[in-house]
Amino acid sequence: MPQTCPMAIHENLLGGPPPTHLPDDPGPRELLAGGTSPADVAAKYPTSSLAWARLADEAFERGSVVESYAYARTGYHRGLDSLRRSGWKGHGPVPWEHEPNRGFLRALHALARAAQAIGEKEEYERCSQFLKDSSPEAAEVLG
């Protein structure tokens, strides 16, 4: 008996783009976990959003907000480049559960935080919403 409503098994029922999963690059993550300074990791792996996000966090913690903003913006743009190379079209999920996505999401969070600290209200709101839209879990975890 023929089906009257065939449905593809992999169809996205919500109609949105599929989640983007960045390729794994364990080098920077392992160096950071082993205690290598984020500055040394960023110098060795300049495309690592995670290294730039960690630099942004360190700068913010010591009160160097403009420096934090610059590091976060670098990590954010490096992450956008990686997302685009991975097929991302400017919107859609970037899941926190996929560990290689965390560098970008952390840089995006750091950029929102630094933008708020320097009074860039529109950028703060844009980046905060972008983080929530990309990964509600990341927005919750990162605060």
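Everything here concerns the structure above.
Sequence order as written defines residue numbering, which begins from 1 separately in each chain. Only residues with pLDDT of 70 or above have their local features reported here, since the model is predicted, and side-chain atom pairs are shown and tallied only from 80 upward, although totals for entire chains, interfaces and linings are computed over all residues. To get the side-chain values, all heavy atoms of the structure are used, and hydrogens and water are removed first.

1. A closer look at the packing of helix H3 (residues 49–61) against helix H5 (residues 102–117)
Axes here refer to lines fitted to C-alpha atoms; in helices the fit is confined to the stretch in contact. Angles between the N-to-C directions go from 0 to 180 degrees. A helix here means a DSSP run of H or I that spans at least four residues, while a strand means a run of E at least two residues long, and both kinds are numbered starting from the N terminus. Viewed as axis vectors pointing N to C, H3 and H5 meet at an angle of 30°, and their least axial separation amounts to 8 Å. As the angle between them shows, H3 and H5 are arranged roughly parallel. Between H3 and H5 lies a crossing of left-handed hand. Of the residues in H5, those touching H3 at Ser49, Leu50, Ala53, Arg54, Ala56, Asp57 and Phe60 are Gly103, Phe104, Arg106, Ala107, Ala110, Arg113, Ala114 and Ala117. Throughout, the ten residues Ala, Val, Leu, Ile, Met, Phe, Trp, Tyr, Cys and Pro are labelled nonpolar, Asp, Glu, Lys and Arg are labelled charged, and all others, Gly among them, are labelled polar. Within the contact of H3 with H5, the residues separate by chemical class into 9 nonpolar, 2 polar and 4 charged. Any angle that is under 35 degrees is reported as roughly parallel, and any over 145 degrees as roughly antiparallel; angles of 65 to 115 degrees are reported as roughly perpendicular and all others as oblique. Two helices cross in a left-handed way if the nearer one is turned anticlockwise from the farther one by less than a right angle. They cross in a right-handed way if the turn is clockwise. Whether two residues touch is decided by their heavy atoms; if any such pair falls within 4.5 Å, the residues are in contact.

2. Some thoughts on the nonpolar core
Grouped burial of nonpolar side chains is what soluble globular proteins tend to show. Note on terminology: a nonpolar core comprises buried Ala, Val, Leu, Ile, Met, Phe, Trp, Tyr and Cys residues joined through side-chain atoms within 4.5 Å. Buried means the residue's accessible area, taken with a 1.4 Å probe over protein chains only, is under 20% of the maximum for its type, while exposed means over 50%, and partly exposed covers the values in between. Membership of the largest hydrophobic core comes to 23 residues, with the highest contact counts inside it found for Tyr76, Leu80, Leu83, Phe104, Leu105, Leu108 and Phe130. Among the secondary structure elements, those contributing two or more residues to this core are helix H4 (65–85), H5, helix H6 (121–134) and helix H7 (136–142). Examining the composition of this core, we find that 8 residues originate from one element, H5, more than from any other. In this structure, Val41, Ala42, Trp52 and Leu55 belong to the second largest nonpolar core, which totals 7 residues.

3. Structural notes on the packing of H5 against H6
At a minimum axis distance of 8 Å, the contact between H5 and H6 shows a crossing angle of 155°. Taken together, the axes of H5 and H6 are roughly antiparallel relative to one another. Note on packing geometry: the crossing formed by H5 with H6 is left-handed. Of the residues in H6, those in contact with Phe104, Leu105, Leu108, His109, Leu111, Ala112, Ala115 and Gln116 of H5 are Glu123, Tyr124, Cys127, Ser128, Phe130, Leu131 and Ser134.

4. Description of H6
Spanning 14 residues, H6 covers 20 Å between terminal C-alpha atoms, matching the ideal 20 Å at 1.5 Å per step. Every buried residue of H6 is listed here: Glu123, Cys127, Ser128, Phe130, Leu131 and Ser134. Mapping the buried residues of H6 onto a view down its axis gives an arc of 160°, with all of them on the same face. Of the exposed residues in H6, the ones pointing more than 90 degrees away from its buried face are Lys121, Glu122 and Asp133. Contacts from the buried residues of H6 go to H4, H5 and H7. By this rule the span expected of a helix is its residue count minus one, scaled by 1.5 Å. It is the directions from the helix axis to the C-beta atoms that the arc portrays.

5. Focus on the environment of Pro19
Tracing the backbone shows Pro19 in the segment before helix H1 (26–33). In this structure, the C-alpha to C-alpha distance between Pro19 and Ser135, residues 116 residues apart in sequence, is 9.8 Å. Setting aside anything within four residues of it in sequence, one finds Pro19 in contact with Pro93 and Pro95.

6. Points about the packing of aromatic side chains
Aromatic pairs are defined between Phe, Tyr and Trp rings, using the six-membered ring for Trp, whenever the two ring centres lie within 6.5 Å; interplanar angles under 30 degrees are classed as stacked, those over 60 as edge-to-face, and all others as tilted. As enumerated under the stated definition, the model contains 5 aromatic pairs in all. With centroids separated by 6.1 Å and ring planes inclined at 25°, the aromatic side chains of Tyr76 and Phe104 adopt a geometry described as stacked. Residue Tyr76 is located in helix H4, and its partner Phe104 is located in helix H5; the two are separated by 28 residues in the primary sequence. By relative accessible area, Tyr76 is classed as buried at 6%. Given the relative accessible area of 1%, Phe104 is considered buried. On the numbers, 6.3 Å between centres and 85° between planes, the contact of Tyr76 with Phe130 is edge-to-face. Separated by 54 residues along the polypeptide, Tyr76 in helix H4 and Phe130 in helix H6 bring together distant segments of the chain. For the pair Tyr76 and Phe130, one class covers both residues: buried.

Any link to function would need more than the numbers given here.
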